[in-house]
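# Structural features, examined
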Amino acid sequence: GVPIMRLVFILLCLVLPAPVMAADIAFRASSLRNGYSGTAPTVTVPTGTATGDLMIVYLHTNGTGTVTDNNGGNAFTKDYEKIDATNGSGLTIFSRIIGSDTTGSYAFTVSSSSSRTTVQALAFSDPNPSNIYDIAPSNTYMTSVTNTASPGDVDGTSITTGFDKSIAIICAGQDVGAGTGTFDTTPTGYTALTQPTATTAQLSVVAHKVIAPAGSTGTPDLSTNTWGAGQQNISVHFAIRNNAGAGAATRSLMLMGVGL
């Protein structure tokens with residue numbers, strides 16, 4: 001016969017809810033501030049943002065001003081900033097796990113006025129709650145070059161993820177008005193977000209891709225169809241970590257005695 005303890009365990013499995021496996025991190029939505037001139041850029045919260053989502057905000061500014069958070073008690077963390085003082089442009093990455101502020105807009109401050117600013121916000125569901133990055137944005141994975149020819153080449157650096165189904169993100173820009181052209185190539189397998197078009201926006205692009213299995217992304221190929229000689233091209237490539245929350249064995253495995 002069935003041992004009494006196993007019989008009790010089977011009965012409990014039948015009446016208790018089945019354990020839920022943690023969901024993989026996933027891109028939810030994005031929003032774009034298509035141009036701004038001044039020191040106080042904002043970006044609308046992406047539609048559908050939910051409490052617990054990871055928000056990544058990318059700002060591309062014209063000038064040498066640094067960018068700081070201006071969201072009060074719901075402050076973002078500035079994870080990375082690259083300012084090119086020679087050409088006068090900057091790339092800044094902010095992040096935060098979202099609380100109750102799932103509507104409205106997010107605000108930032110530029111230390112000196114930027115004549116052209118692009119802001120893009122990306123919301124991701126089911127982020128890793130303890131460590132959002134698989135590969136954090138840094139100078140190691142940044143490119144900054146001054147064009148000597150057309151078209152503008154903004155190829156990124158390769159990254160190697162360590163966690164299955166992490167999401168690679170590349171943010172890139174050229175120090176010209178977005179009304180002069182577009183990024184006309186997207187790295188293989190990446191999904192590019194809507195690009196800015198306003199004359200008060202910096203030419204910019206953001207693209208993302210689930211990396212499965214974990215490993216090298218290869219060099220992401222980016223270029224613009226606008227004349228870029230003498231203008232700075234900048235990019236940073238990083239990855240947000242998949243949700244590593246462990247789920248228990250499924251009920252069917254339990255009923256077979258797995259783990260007993």
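A complete count under the given rule lists five salt bridges for this structure. Residue R96 pairs with D101 through a salt bridge whose shortest N-O separation is 2.4 Å. In this structure R96 comes out as buried when scored by relative accessible area, which is 11%. A salt bridge links R116 to D175, with the shortest nitrogen-to-oxygen separation between them at 3.3 Å. Note that R116 is positioned in the loop between β7 (105-110) and β8 (117-125) and D175 in strand β11 (residues 166-177), a separation of 59 residues in sequence. Taken individually, R116 and D175 each receive the classification buried, so the pair is uniform in this respect.

Once that is clear, we can look at the sheet that holds strand β3 (residues 54-62). The antiparallel open sheet is built from five strands, whose spatial order is β1-β8-β3-β6-β5. With one partner strand each, in any of the chains shown, β1 (26-33) and β5 (77-84) form the two edges of the open sheet. Strand after strand, the sheet turns through a mean of 15 degrees between neighbouring axes, direction not considered. Pairing analysis gives seven bridges linking β1 to β8, with the strands arranged antiparallel. Opposite L32, over in β8, you have Q120 as the bridge partner.

To continue, consider the pairing of strand β14 (residues 232-240). Burial analysis of β14 places nine of its nine residues in the buried class, the great majority of the element. The pairing of strand β9 (residues 133-135) with β14 spans two bridges and is antiparallel. Bridge assignment links I135 to a residue of β14, and that residue is A239. Two elements, strand β10 (residues 142-146) and β14, share five bridges in a ladder whose sense is antiparallel.

Looking at where L91 falls in the secondary structure, it is placed in strand β6 (residues 89-97). Assessed through its relative accessible area of 0%, L91 is described here as buried. Between the C-alpha atoms of L91 and Y80, which are eleven residues apart in sequence, the distance is 8.1 Å. The contacts of L91, once residues within four sequence positions are left out, are Y58, L59, Y80, E81, K82, C171, I234, S235 and V236.

Next up on the list: the packing of aromatic side chains. As enumerated under the stated definition, the model contains five aromatic pairs in all. A cation sits over an aromatic face here: R96 above F76, 4.6 Å from the ring centre.

Glancing now at the confidence of the model for the protein chain. Caution is warranted with low-pLDDT regions, since their predicted coordinates should not be read in detail. Overall, the predicted model of the protein chain reaches an average pLDDT of 87, with 82% of residues at or above 70. Counting interchain partners and residues more than four positions distant, the pLDDT-below-50 stretch residues 246-260 has 21 contacts.

Moving on, we come to the sheet that holds strand β2 (residues 42-44). Spatial ordering of the open sheet is given by β2-β7-β4, a layout of three strands whose pairing is antiparallel. A strand with exactly one partner marks an edge of an open sheet, and here the two such strands are β2 and β4 (67-69). When the angles between neighbouring strand axes are averaged without regard to direction, this sheet yields 30 degrees. Note: β2 against β7, three bridges, orientation antiparallel. What sits directly across from V43, in β7, is Y106.

Conventions adopted
- Residues numbered from 1 in each chain as written.
- Predicted model: local features only at pLDDT ≥ 70, side-chain atom pairs only at ≥ 80, totals over all residues.
- Heavy atoms only, no water.
- Salt bridge = Lys/Arg side-chain N within 4 Å of Asp/Glu carboxyl O.
- Buried < 20%, exposed > 50% of the residue type's maximum accessible area, 1.4 Å probe, protein only.
- Helix = DSSP H or I, 4+ residues; strand = E, 2+ residues; numbered from the N terminus.
- Pairing = 2+ DSSP bridges.
- Axes fitted to C-alpha atoms, helices over the stretch in contact; angles between N-to-C directions.
- Contact = heavy atoms within 4.5 Å.
- Phe/Tyr/Trp six-rings, centres within 6.5 Å; stacked < 30°, edge-to-face > 60°.
- Lys NZ or Arg CZ within 6 Å of the ring centre and 35° of its normal.
- pLDDT = per-residue confidence, 0-100.

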